[in-house]
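So you can see what is in the structure, the chains are spelled out below.
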Amino acid sequence: MKTAICPGSFDPVTRGHIDIIKRAAKLFDKVVVVVMMNFNKRDSYFTASERVELLKRSLKDTTNVEVDMYSGLLAEYADKVGACAVVKGLRAVSDFEYEFQMALTNQKLNPDFETVFLTAKAEHMFLSSSVVKQVCEFGGDISEFIPEETSEDIIKRIKERKQSL
Ligand code: ADP
């Protein structure tokens, strides 16, 4: 059985993330989406458990996808769950340099662990969690950017956070 992991901060999940995860789920027997808790803990809008819950809700109809959280090296996590590959979405050339560096690092740490890049859908090229937060904070409509099942909770949290600053 071939397992892949889709890591990210998912703060919060967007339709761009879901597209990559669902496409990965067609290529692999099992996909583990993993909320990485390494960075920006204090700056996060959603706790790791909340991000896991929002992902689970968005992916409830995709049977071969699991959602987990982890703090540590991705190559170690891949070993832990028996994954042979990491699947990443590439939006633009700007993503490439960082992703290429990460891919080479993971290859060094575990030569059997492959990185697979999927190109973002054209309509998601501009989309990131930061864009979602910025647009919502300034009163814009983000319902098209995030999974429908999550939109009420995501919009509520971003607005609450803005008010508390
Ligand atoms: P963000 O940049 O939105 O904060 P993450 O760090 O959570 O995203 O990203 C997790 C993975 O999802 C990365 O591989 C990233 O390239 C991919 N990704 C993020 N947004 C998109 C998008 N709009 N289309 C395709 N892939 C995306």
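None of these values were measured; they are calculated from a predicted model. (Residues numbered from 1 in each chain as written. Predicted model: local features only at pLDDT ≥ 70, side-chain atom pairs only at ≥ 80, totals over all residues. Heavy atoms only, no water.)

S.K.: I would appreciate a short explanation of the pattern of salt bridges in the present structure.
M.R.: Any two side chains of opposite charge can pair if their charged atoms end up close together. Taken as a whole and assessed by the stated rule, the structure comprises 13 salt bridges. In this structure, Arg 51 engages Asp 11 in a salt bridge whose closest nitrogen and oxygen atoms are separated by 3.8 Å. Of this pair, Arg 51 sits in helix 2 (residues 48-58) while Asp 11 sits in the loop between strand 1 (3-8) and helix 1 (15-27); the two residues are 40 residues apart in sequence, bridging distant segments of the chain. Connected through salt bridges with shared partners, the residues Glu 50, Lys 156, Arg 157 and Glu 160 form a single ionic network. (Salt bridge = Lys/Arg side-chain N within 4 Å of Asp/Glu carboxyl O. Helix = DSSP H or I, 4+ residues; strand = E, 2+ residues; numbered from the N terminus.)

S.K.: So what exactly am I meant to see when it comes to the environment of Lys 162 here?
M.R.: Inspection of the secondary structure puts Lys 162 in helix 6 (residues 151-164). A relative accessible area of 42% places Lys 162 in the partly exposed class. Sequence-wise, Lys 162 and Ala 75 are 87 residues apart; in three dimensions their C-alpha atoms are separated by 36 Å. (Buried < 20%, exposed > 50% of the residue type's maximum accessible area, 1.4 Å probe, protein only.)

S.K.: Looking at this structure, how should I read a negative patch on the surface?
M.R.: Taken together, the side chains of Glu 76, Asp 79, Asp 112 and Glu 114 make up a negatively charged region of the molecular surface. Positionally, Asp 79 belongs in helix 3 (residues 74-81). For Asp 79, a relative accessible area of 56% translates into the label exposed. (Patch = residues over 30% accessible without salt bridge, like charges linked within 9 Å, V, L, I, M, F, W, Y side chains within 5 Å. Areas by Shrake-Rupley, 256 points an atom, 1.4 Å probe, with all protein chains shown as cover. Lys, Arg positive; Asp, Glu negative; His and termini not counted. Charge placed at Lys NZ, Arg CZ, Asp CG, Glu CD.)

S.K.: Please clarify how the nonpolar core should be interpreted in this entry.
M.R.: Ile 21, Val 31, Val 33 and Leu 55 are the most contacted members of the largest nonpolar core, which has 33 residues in total. Of all elements in the fold, only strand 1, helix 1, strand 2 (30-36), helix 2, strand 3 (65-70), strand 4 (85-90), helix 5 (129-137) and helix 6 reach the threshold of two or more residues within this core. Among the elements that line this core, the one with the most residues is helix 1, at five residues. Apart from the residues lying within four places of it in its own chain, the contact partners of Val 31 are Ala 4, Cys 6, Ile 21, Ala 24, Ala 25, Asn 64, Val 65 and Glu 66. By size, the runner-up hydrophobic cluster in this structure holds 12 residues, among which are Ala 75, Ala 78, Val 86 and Phe 113. (Core = buried A, V, L, I, M, F, W, Y, C linked by side-chain atoms within 4.5 Å. Contact = heavy atoms within 4.5 Å.)

S.K.: Looking at this model, I keep getting lost on the packing of helix 5 against helix 6. Mind explaining?
M.R.: The packing of two helices is summarised by the inter-axis angle and the distance between the axes. The interhelical angle for the contact between helix 5 and helix 6, taken along N-to-C directions, is 65°, at an axis separation of 9 Å. Helix-helix and strand crossings are classified by hand; for helix 5 and helix 6 the assignment is right-handed. Counting all contacts with helix 5, which are made through Val 132, Lys 133, Cys 136 and Glu 137, the residues of helix 6 involved are Ile 155, Ile 158, Lys 159 and Lys 162. Residues belonging to the contact of helix 5 with helix 6 are distributed by class as follows: four nonpolar, no polar and four charged. (Axes fitted to C-alpha atoms, helices over the stretch in contact; angles between N-to-C directions. Left-handed = near helix turned anticlockwise from the far one by under 90°. Nonpolar A, V, L, I, M, F, W, Y, C, P; charged D, E, K, R; others polar.)

S.K.: Explanation requested: the side chain of His 124 in the structure shown.
M.R.: Note that His 124 resides in the loop between strand 5 (114-119) and helix 5. In this view, His 124 contacts Arg 15, Gly 16, Asp 19 and Arg 91; residues no more than four positions away in its chain are not counted.

S.K.: Looking at this structure, I do not really get the site of the ligand. What am I missing?
M.R.: Lining the immediate surroundings of the ligand are 16 residues, of which Phe 10, Lys 88, Gly 89, His 124 and Leu 127 lie closest. Gly 89 has a polar backbone atom sitting 2.4 Å from an oxygen atom of the ligand. Between Ser 129 and the ligand, the recorded distance is 2.9 Å, taken from a backbone N or O atom to an oxygen atom. Look at the ligand: alone it shows 540 Å² of surface, and the protein chains cover 87% of it. Listed by contribution, the elements that provide at least two residues to the shell around the ligand are strand 1, helix 1 and strand 4. For the shell around the ligand, the element with the highest residue contribution is helix 1, accounting for three residues. (Near = heavy atom within 4 Å. Polar contact = N/O pair within 3.5 Å; in protein donor to acceptor, adjacent residues only side chain to side chain.)

S.K.: Looking at this model, I keep getting lost on the packing of aromatic side chains. Mind explaining?
M.R.: Between two aromatic rings, the relevant description is the distance of the centres plus the angle of the planes. This structure, assessed with the given rule, holds three aromatic pairs. Ring geometry for Phe 96 against Phe 100: centres 5.2 Å apart, planes inclined by 20°, an arrangement best described as stacked. Taken as a pair, Phe 96 and Phe 100 lie in helix 4 (residues 93-109) at a separation of four residues, close to a single helical turn. Judged by its relative accessible area of 37%, Phe 96 falls in the partly exposed class. (Phe/Tyr/Trp six-rings, centres within 6.5 Å; stacked < 30°, edge-to-face > 60°.)

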